[in-house]
Number of protein chains: 8
Amino acid sequence: MDNKHDILCLLRSVANGETRPEDALLELKEAPFEDLGYAKVDLHRSVRQGAAEVIYGAGKTPEQIAGIAAAMGERGCRNILITRMGKEAADYVASQVPLEYHESPRLGLAFPGERRDLGNIVVATGGTSDMPVAEEAALTAEAMGNHVTRLYDVGVAGLHRLLSNLDVLMQARCVVAVAGMEGALASVIGGLVDCPVIAVPTSVGYGASFGGLSALLSMLNSCASGCSVVNIDNGFGAGYLASRINQMEGLETK
Amino acid sequence: MDNKHDILCLLRSVANGETRPEDALLELKEAPFEDLGYAKVDLHRSVRQGAAEVIYGAGKTPEQIAGIAAAMGERGCRNILITRMGKEAADYVASQVPLEYHESPRLGLAFPGERRDLGNIVVATGGTSDMPVAEEAALTAEAMGNHVTRLYDVGVAGLHRLLSNLDVLMQARCVVAVAGMEGALASVIGGLVDCPVIAVPTSVGYGASFGGLSALLSMLNSCASGCSVVNIDNGFGAGYLASRINQMEGLETK
Amino acid sequence: MDNKHDILCLLRSVANGETRPEDALLELKEAPFEDLGYAKVDLHRSVRQGAAEVIYGAGKTPEQIAGIAAAMGERGCRNILITRMGKEAADYVASQVPLEYHESPRLGLAFPGERRDLGNIVVATGGTSDMPVAEEAALTAEAMGNHVTRLYDVGVAGLHRLLSNLDVLMQARCVVAVAGMEGALASVIGGLVDCPVIAVPTSVGYGASFGGLSALLSMLNSCASGCSVVNIDNGFGAGYLASRINQMEGLETK
Amino acid sequence: MDNKHDILCLLRSVANGETRPEDALLELKEAPFEDLGYAKVDLHRSVRQGAAEVIYGAGKTPEQIAGIAAAMGERGCRNILITRMGKEAADYVASQVPLEYHESPRLGLAFPGERRDLGNIVVATGGTSDMPVAEEAALTAEAMGNHVTRLYDVGVAGLHRLLSNLDVLMQARCVVAVAGMEGALASVIGGLVDCPVIAVPTSVGYGASFGGLSALLSMLNSCASGCSVVNIDNGFGAGYLASRINQMEGLETK
Amino acid sequence: MDNKHDILCLLRSVANGETRPEDALLELKEAPFEDLGYAKVDLHRSVRQGAAEVIYGAGKTPEQIAGIAAAMGERGCRNILITRMGKEAADYVASQVPLEYHESPRLGLAFPGERRDLGNIVVATGGTSDMPVAEEAALTAEAMGNHVTRLYDVGVAGLHRLLSNLDVLMQARCVVAVAGMEGALASVIGGLVDCPVIAVPTSVGYGASFGGLSALLSMLNSCASGCSVVNIDNGFGAGYLASRINQMEGLETK
Amino acid sequence: MDNKHDILCLLRSVANGETRPEDALLELKEAPFEDLGYAKVDLHRSVRQGAAEVIYGAGKTPEQIAGIAAAMGERGCRNILITRMGKEAADYVASQVPLEYHESPRLGLAFPGERRDLGNIVVATGGTSDMPVAEEAALTAEAMGNHVTRLYDVGVAGLHRLLSNLDVLMQARCVVAVAGMEGALASVIGGLVDCPVIAVPTSVGYGASFGGLSALLSMLNSCASGCSVVNIDNGFGAGYLASRINQMEGLETK
Amino acid sequence: MDNKHDILCLLRSVANGETRPEDALLELKEAPFEDLGYAKVDLHRSVRQGAAEVIYGAGKTPEQIAGIAAAMGERGCRNILITRMGKEAADYVASQVPLEYHESPRLGLAFPGERRDLGNIVVATGGTSDMPVAEEAALTAEAMGNHVTRLYDVGVAGLHRLLSNLDVLMQARCVVAVAGMEGALASVIGGLVDCPVIAVPTSVGYGASFGGLSALLSMLNSCASGCSVVNIDNGFGAGYLASRINQMEGLETK
Amino acid sequence: MDNKHDILCLLRSVANGETRPEDALLELKEAPFEDLGYAKVDLHRSVRQGAAEVIYGAGKTPEQIAGIAAAMGERGCRNILITRMGKEAADYVASQVPLEYHESPRLGLAFPGERRDLGNIVVATGGTSDMPVAEEAALTAEAMGNHVTRLYDVGVAGLHRLLSNLDVLMQARCVVAVAGMEGALASVIGGLVDCPVIAVPTSVGYGASFGGLSALLSMLNSCASGCSVVNIDNGFGAGYLASRINQMEGLETK
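All residue numbers here refer to positions counted from 1 along the written sequence of the relevant chain. Written order determines the labels here, with chains lettered from A and ligands numbered from 1. Whole-chain, interface and lining totals are the exception, using all residues; otherwise, since this is a predicted model, local features are given only for residues with pLDDT of at least 70 and side-chain atom pairs are given and counted only at 80 or more. Side-chain measures here rest on the full set of heavy atoms in the structure, leaving out hydrogens and waters.

So what exactly am I meant to see when it comes to the overall build of chain A here?
The numbering of helices and of strands both runs from the N terminus, where a helix is a DSSP run of H or I of at least 4 residues and a strand a run of E of at least 2. Broken down by element type, chain A carries ten helices and eleven strands. Here chain A holds 254 residues, and 65% of them are scored as buried. For chain A, contacts bridging at least 24 residues in sequence account for 66% of all contacts bridging at least 6. Classification of residues uses two cut-offs on accessible area relative to the type maximum, computed with a 1.4 Å probe and protein chains only: under 20% is buried, over 50% is exposed, and between them is partly exposed. Note on definitions: a residue-residue contact is assigned when non-hydrogen atoms from the two residues lie within 4.5 Å.

In structure tokens:
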């Protein structure tokens, strides 16, 4: 019921006598999802080409994941992202539905289909060890129809690696900065580019990195210049938001 | 030296013999800012109409704030934001440079000038007590040339207050969700709209809100659906980023 | 829109042609509260005798508090609780609306009216220093029409003080256990009584009490036997919930 | 010695000469439990039909669990809950006493017997991954003789899933809201229903969820409207308390 | 009711017909303290010469403190310690009861009387800034009849200051080690002496001392060799415990 | 060099010409321990009957543990405690030196010998799950020549289990209170007995027990009445300190 | 007794009969400091020209500070640093001993004397607000005879400000990097220079900077390349250590 | 581009017409490292004899580690440190490049070559369990051409073990103090020596050591006297920094 237009339409059809009030109430309650018992599958958004749906895999059984994916696929969903799914679960899911699986970022793409290649999102990492999270972001963005440029291992301890790629950064419509440990990458990139920067702290590190807390705090404290932060290791969230920003319509089309 | 084009130009002028190598080095080093001793004022960005510069007021003396603002104003900067500036400091600064001051968000606007009114940014708050932070965001966005719609006191404890403003939310190009305590506002809005959502945790609350930590963690954990987070009470950062997103050029202009 | 019955009624009146769809949408949006600009005052609940409304006073100006209270009072609300309101603010509010003010728990009761005296809620404290929080709970419960028995300074360090009041505890329908420092009171009471126990950690203490964190954790870890916890110093929340429990209808009335 | 009536009786029987003082002291000391050496089994409460006793399984050896359960069973206890018992321990216990075991919530029911089906408790979860904790709550409440309605995967990110089940929520005498990550479910439900809400934060999540801390803080900060909180993942505690509230006698029976 | 002997006596007197059961119950409930409403004053312990009672002053009004002290004094208590009482409160209390006040440790001694000077407790500090806490410990111990030796400013950064006082340390029956910042004093003393060491972390320090947390953790981690820890800044607790240890009867007197 | 008397003796022997200055320096440096390379084995204390030495087993290889134990044993040490030693390491050590091993508290006793049985230390636990830590304390105290009384599973949730053992508690010269979760046991015992109480928080619990933090803070905040705290799960430290206190000489022997 | 040579000399003089053993013990105990009661003033180090002593001012009364400074001055100390001394205390101290006071870093220099100007230490800050801490470092280093170059407001958000000062950084023997908020300055400088870098986190910032914790963690996590960290706001410690490093003798002089 | 001289040279060659501006830009971008896709290998520093390069092994696949090491080795690097590399990964790497592997500190040295033995660095530990971290520091320093003296198991609980090695400490040019638990070793050493002290907290300990947090805070709070801190368990960082300090040129060579 999150759409003014839909409510108006429904009310009008009640007013026209086309719909009984009791049925309208029913529709308001049952339309937007399919209830599998263990999950209420969201089928509300129109299934547009290139758009991706997502299943959070952690804490779900392989059977539940496959069940949700199948329900979505049957309704015509394509490029359904499954995040935080281990190899074993993926093997089972792949036996039930078409699946493209990436082991390092533990990401699956069920019912893979055609995808667009819009705009330009740069995904940068501080180190090689941040790659799994960065790939989750990059693959998510690609699944949602965006063009992605990868810029890995450009951490601030060797600043020349970053500076020599300034032209790559400058051509981005949105940058995803992935870094663990001290997380300074986001601050430095935020000071160099003019587009929105999404910072992803990673749990890479040891000791006083406290599982990504250090990078998280560091990134939150450097947000003055157009960057914002998502959860530790949340590559998916960064890729999803980057897609939204990259695909913004221009102001002049209003 | 954060601009490929500038370096190329400079190198070419060296190649042409128009610039001596030593002078080029000097230029690389001295151009982008003016050194006031206690501050290196950034004058690097071309001064475009509607664009705002910012001075972080906390921890600076009134004299330092006024000095930096004056240096900027002399170079033609307009609509210079001064954040976290107390009433007393504002009184001094206002005696030195033209200043528009907002007491509740402790925000000043030095050398106020003409501003554009582009697009639409919605700034929403969970409660009345979140208003100072929300105003920092809203005034920042307005100073940077954006149209802002305020939607205050729509916290999730009384969900109907939010739901009855769905049409306002739906028309936003970007939403800034400001909330303290449990910070659930960002999650709920994130599930309702399709545009980017910037979550601002506030230090409003007591006890286990731990100065905004509760809202911060809550917001970080709900980022799956297109929202991201800035620092606690960082209204400025949210307004600045919202402006970047709101003023994105459309993909078709590439 | 949180009430199935109301939606059905509205839909039926649209179906009858008594209401236009556009008006229905409007009604859905505007009915439940009055918009004061800085606050959306909730007038949704039917104003029953003995029921209290509440205004969270912290972070609001005296003018805002008085404005909200006046708006409620005009609609017929009585016994409106105002929490976390300092003496100075209370003086202003009292100049605008009828107000009963309790300084130690910083609690006001605007438009005080007749109240019921139902059931029995025991409010117990570990020490004398926990009294302000306990009074917030007790006065809240009284404002909502409950009978309250106070049992103060019965902390576990002198167990006989608690044990000699066992009969008082045994006659409660609900116990509010208020304690700071090590917060063991809730555990001990939880093991003695059969009714629900609401634990309120207080910020009383120093050093490793960390502003109430110690009592909070202690209480959360002892919840096995029918007790639950509210926020640190949240006397109001405990009193409100105790009222709900105390006024439960019996199963046999179903 | 937690019962005024018992003490009086005992004292009277001493006064009557029916009991020697030394024996009375002995009785005060030995009656309420059976000492197994490693555990003092509580046999104090009269064994009423439908009432459940509980064994906290974590940190106990299978032999200890079986020993305690057997001691209780011999005294006539039925529907004895065993929480946090792994599959392996359950296998051993099942070889010693009658046992019903639920693997996902790691919950056992020893000496299962007849149960009542009183009132109505709704157990709601934010996501599918919260199900093990929710089941611990639901099965606990059922073992204690309550009617339970499950409402799973209704998290606030897709608000329509919750809103379309408003009628289910409205019919509850008590709601248990189980959620991890940002834990906003409790706030939203707390604003929708009039009955007591028990919030259970879960350790579901990653990164800045910090093992359930995020949900815990979020829930503690939203307790103004009739909800309270139990320990992270403490489904048992929530089910136990919900049972107490659901089975409250009505005020009119006083 | 914390005394087997008392219960037996009472039961016997009931058995003898000297006491009615109802009166016995009453006695069990009312004897051990006097109820002032805001406080239940403990008068349970026999008032022996040299023994001190204590009132925790923080969070109590001057009137409450004076009231409790007066009630104790009337029953014959002497050397009543009042901790954490500010200068202003002390002035009021001194106008009501005989009071000896120490401003730096904010400690009062009401109804000061004769005191013994038993054994030997050494109170050592890491620095000059730890003196207020150390004095709270030393004065507490003295009020309770112990001989106290002060050894201030012997922190480990200048180890020779400590080592040159080894003979003082060696003659202690119990050492109270008071230190802030890194709190290493307790570890070093613990390795040097054979008597029990009570470590008191102080909130002296800045930055990563986090209000005494650093010293607290440090001291907890060095407890292997006969030392234990009390709360941050809890000089009273350390002095009280030191008194108990110092006044232990010898094993051979059993 | 931690002994005034030893230094004086040595200096006198230098003065007498019996010792050369260079040799004295050497002696000061080499006497108190044997250097095994990976460990400096402390042989400094005179090896008295009944006294125990201790090896912290965690982080040491089985070979290192056996090597240190052997070096001690050769010098005549008996009843050498080895803490935090896993089963596998114990098997190796037992193949090298005489060893008595207790698996649940992971404690070994190398070169077990005759032991005294002095005084009386009570070791109490809140629950059955706290037994491994309690056994570490009890076995340590026994190895050091103390009489130990165990009082397990007397947590405050069922207060009668504790109260009915008051006479056991009253006869202790020192109580070790071992508890996890909310750790209230120490507070309650501290209010009941007159002897020193050593509180040992355990990591038993889940969720907001945060690995023992909850019990630790709880115990630190209840130290007013003669109790103090050691590190989480530090049964050894508690047993060691209890021994020191239990074996205090009486004041009258001075 | 921290000096092998001193002990040998003393032992030899005892051997020669020049010193009695009792006197030697006395000397070992009393020589290295003067005992003022509240402080043990360290006079142990030979008073060399240019070397500074230090008094930690926080938590000491003005009288104590002046007393310690006077005792040092009388022994010939010059350039005695007094840290964390407020304006009011400084006024008193200046009335007792010669004092040079710097208000912003709250630093005093008692008995100011001649100073050397050795080597080159660069003190850099991220922002203007970090200046008080930076000045504490710089003035400390100058008081200890070092040449200091200040490089303020060169934070990573405007990287060109730092890069254009590369030659200044390159000429340092040691760099002190002072920064709050995200603390990335240390990482970036650490990657640019070859000399030791001392990172000083400051409490500058708000919200998730948590009083300097963010900068502290960030700096600890970026220490791979030759940098290390001191306490939050510990400008003195950084300046002191920088002096030690700057004044290192060369390896070839061994 | 972190070197003023290099930029000048390049600009001059552009001025001479020897380099085209486009090529210069290219060179600025590509020279300093080799891009392996997953890593940008730093080959920027001139490969001097005795200097070591480092690969952070954690989070990298064995193939990535070997690839990076091989790329370095081909360019002539020797003594390449590989930190935090498990046994299994080491086996693979050793099959690809020459490797010296140390299992306890999980440290590899690829392409081992000739090394110098300069100056003197003392590496001290509090206990035997700190050895793996200490060895990482010691081996790092040795790989970089320094002479290292090991001083293990000299913790402050047995102070004589440390004091009897004062002469070893006194001869150091730099001390690395490695300790877990309460971390007091650094404070004590810092007060004894005059050279820079690098403190390394270790995660050795349990309970309230919180994975090294206790030692970390302790060390940060004792930094007044010339010591500084690196990350928990960061032996490499300490060894690297110690090398920089040990190999400082003397001031007189300027």
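There is more to say after this.
Is there a simple way to think about helix α3 (residues 62–74) of chain F in this case?
The periodicity of an α-helix, 3.6 residues per turn, causes residues three or four positions apart to be oriented the same way. All names here are of chain F. To estimate how far a helix should reach, multiply one less than its number of residues by 1.5 Å. End to end, α3 covers 18 Å across 13 residues, agreeing with the expected 18 Å (1.5 Å per residue, within 8%). Along α3, the residues classified as buried are Gln64, Ile65, Ala66, Ile68, Ala69, Ala71, Met72 and Gly73. Glycine 76, located one to two residues past α3, shows a positive phi value of around 105 degrees.

Can you walk me through the sheet that holds strand β4 (residues 80–83) of chain D in this structure?
Hydrogen bonding along the main chain pairs the strands of a sheet, whether they run parallel or antiparallel. All names here are of chain D. Criterion used throughout: strands pair if DSSP finds at least two bridges between them. The strand order across the open sheet built from four strands is β3-β4-β6-β5, with neighbouring strands paired in mixed fashion. The two strands at the open ends of the sheet, each matched to only one other strand, are β3 (54–56) and β5 (99–102). With direction set aside, neighbouring strand axes in the sheet form an average angle of 20 degrees. Pairing geometry for β5 and strand β6 (residues 107–110), over four bridges, is antiparallel. Within the sheet, the bridge partner assigned to leucine 99 lies in β6 and is alanine 110. Only the stretch in contact is used when fitting a helix axis, every axis being a line fitted to C-alpha atoms; angles between N-to-C directions are given from 0 to 180 degrees. On top of the sheet, helix α5 (residues 131–143) reaches β4, β5 and β6; it is set at about 15 degrees to β6, its chief contact.

Explanation requested: the interface of chain D and chain B in the structure shown.
Many descriptions give the size of an interface as the accessible area lost when the pieces come together. Of the residues lining the interface, 22 residues belong to chain D; the matching set on chain B comes to 22 residues. A combined buried area of about 1700 Å² lies between chain D and chain B, and 68% of that area is made up of carbon and sulfur atoms. Each of two parts loses accessible area, computed with a 1.4 Å probe, when they are put together; buried area is these two losses added. Among the residues of chain D in contact with chain B, Leu159, Leu217 and Asn221 of chain D are the three that bury the most area, contributing 31% of the side total. Elements with a minimum of two residues in the side of chain D that touches chain B: α6 (159–163), α8 (184–192) and α9 (213–220) of chain D.

Hey, could you run me through the relation of the copies chain D and chain B in this one?
Comparison of the two chain copies shows a relationship of rotation about an axis with a shift along it. Here the copies are superposed with least squares, the fitted atoms being C-alpha atoms of residues at a pLDDT of at least 70 in both. Least-squares fitting of chain D to chain B yields an RMSD of 0.1 Å, with the superposition described by an axial translation of 0.0 Å and a rotation of 180 degrees. Taken together, the rotation and translation relating the two chain copies correspond to the operation of a two-fold axis. Among all residues of chain D, the minimum C-alpha distance to the rotation axis is found for alanine 184 of chain D, at 2.6 Å. A shared binding surface is used by both copies, with 100% of the interface residues of chain D retained as interface residues in chain B.

For this particular structure, what's the right way to read the packing of aromatic side chains?
Aromatic rings considered in pairs are described by the distance between their centres and by the relative angle of their planes. Pairing of aromatic rings covers Phe, Tyr and Trp, the last through its six-membered ring, and needs centres within 6.5 Å; plane angles under 30 degrees mean stacked, over 60 mean edge-to-face, and all others mean tilted. Enumeration over the complete set of coordinates arrives at 16 aromatic pairs over all chains. When the ring of phenylalanine 236 of chain A is compared with that of tyrosine 240 of chain A, the centres are 5.7 Å apart and the planes differ by 55 degrees; the resulting orientation is tilted. Remark: tyrosine 240 of chain A and phenylalanine 236 of chain A occur in helix α10 (residues 235–246); sequence separation between them is four residues, near one turn of the helix. Over the face of the ring belonging to tyrosine 206 of chain G we find arginine 84 of chain B, whose NZ or CZ atom lies 3.4 Å from the ring centre. Over a ring means this: the NZ of a Lys or the CZ of an Arg is within 6 Å of the ring centre and within 35 degrees of the ring normal.

Just to check I follow, could you spell out the domain arrangement of chain A for this structure?
Residues and elements named next belong to chain A. An automatic or database domain assignment is the source of the domain bounds shown. Here the domain parsing of chain A yields domain 1 (18–110) and domain 2 (118–252). Both sides of the domain 1 and domain 2 interface together cover about 960 Å² of buried area, and 65% of this is carbon and sulfur. Salt-bridge detection follows one rule: a side-chain nitrogen of Lys or Arg within 4 Å of a carboxyl oxygen of Asp or Glu. For the pair domain 1 and domain 2, the interface holds zero salt bridges. Here a polar contact is taken to be a pair of N or O atoms separated by no more than 3.5 Å, where protein atoms must pair a possible hydrogen donor with a possible acceptor and residues adjacent in sequence count only if both atoms sit in side chains. Our count for the domain 1 to domain 2 interface comes out at one residue pair in polar contact (both at pLDDT 80 or more). When contributions to the side of domain 1 that touches domain 2 are tallied by element, the ones reaching two or more residues are β4 (80–83) and β6 (107–110). Classification convention: Asp, Glu, Lys, Arg as charged; Ala, Val, Leu, Ile, Met, Phe, Trp, Tyr, Cys, Pro as nonpolar; all other residues, Gly among them, as polar. Residues that form the side of domain 1 that touches domain 2 fall into these classes: six nonpolar, five polar and two charged.

Could you clarify how one ought to interpret the sheet that holds strand β5 (residues 99–102) of chain C in this entry?
Residues and elements named next belong to chain C. The sheet built from four strands is open, its strands ordered β3-β4-β6-β5 with mixed pairing. The strands lining the two open edges of the sheet, one partner per strand, are β3 (54–56) and β5. Each strand axis lies, on average, 20 degrees off the axis of its neighbour in the sheet, ignoring direction. Against the sheet, helix α3 (residues 62–74) contacts β3, β4 (80–83) and β6 (107–110), and its axis sits at roughly 170 degrees relative to β3. Against the sheet, helix α4 (residues 87–96) contacts β4 and β5, and its axis sits at roughly 170 degrees relative to β5.

Hey, could you run me through the pattern of salt bridges in this one?
In a structure, side chains of opposite charge can pair up when their charged atoms sit close to one another. Per the stated rule, a full pass over the model turns up 32 salt bridges over all chains. Notably, a salt bridge pairs arginine 161 of chain B with aspartate 153 of chain B, separated by 3.4 Å at the nearest N-O pair. Looking at aspartate 153 of chain B, the relative accessible area reads 8%, which means it is buried. Note that arginine 150 of chain C and glutamate 135 of chain C form a salt bridge whose closest N and O atoms lie 2.7 Å from each other. Placement of arginine 150 of chain C in strand β8 (residues 146–151) and of glutamate 135 of chain C in helix α5 (residues 131–143) is noted, with a sequence separation of 15 residues between them. The class for glutamate 135 of chain C is buried, based on a relative accessible area of 15%. Within this structure, Glu135, Glu142 and Arg150 of chain A form a network of salt bridges that share partners.

Mind showing me how you'd approach the side chain of serine 129 of chain H here?
Mapped onto the elements, serine 129 of chain H comes out in the loop between β7 (118–125) and α5 (131–143). Residue serine 129 of chain H is classed as buried on the basis of its relative accessible area of 11%. For serine 129 of chain H, the residues in contact, after removing those within four places along its chain, are Tyr56, Ala58, Gly59 and Lys60 of chain F together with Val204 of chain H.

Where do I start with the environment of lysine 87 of chain E in this structure?
Residue and element names in this part refer to chain E. Here lysine 87 shows up in helix α4 (residues 87–94). The spatial distance from the C-alpha of lysine 87 to the C-alpha of tyrosine 101 is 8.4 Å, given a sequence separation of 14 residues. Residues within four places of lysine 87 in sequence aside, it is in contact with Tyr101 and Glu103.

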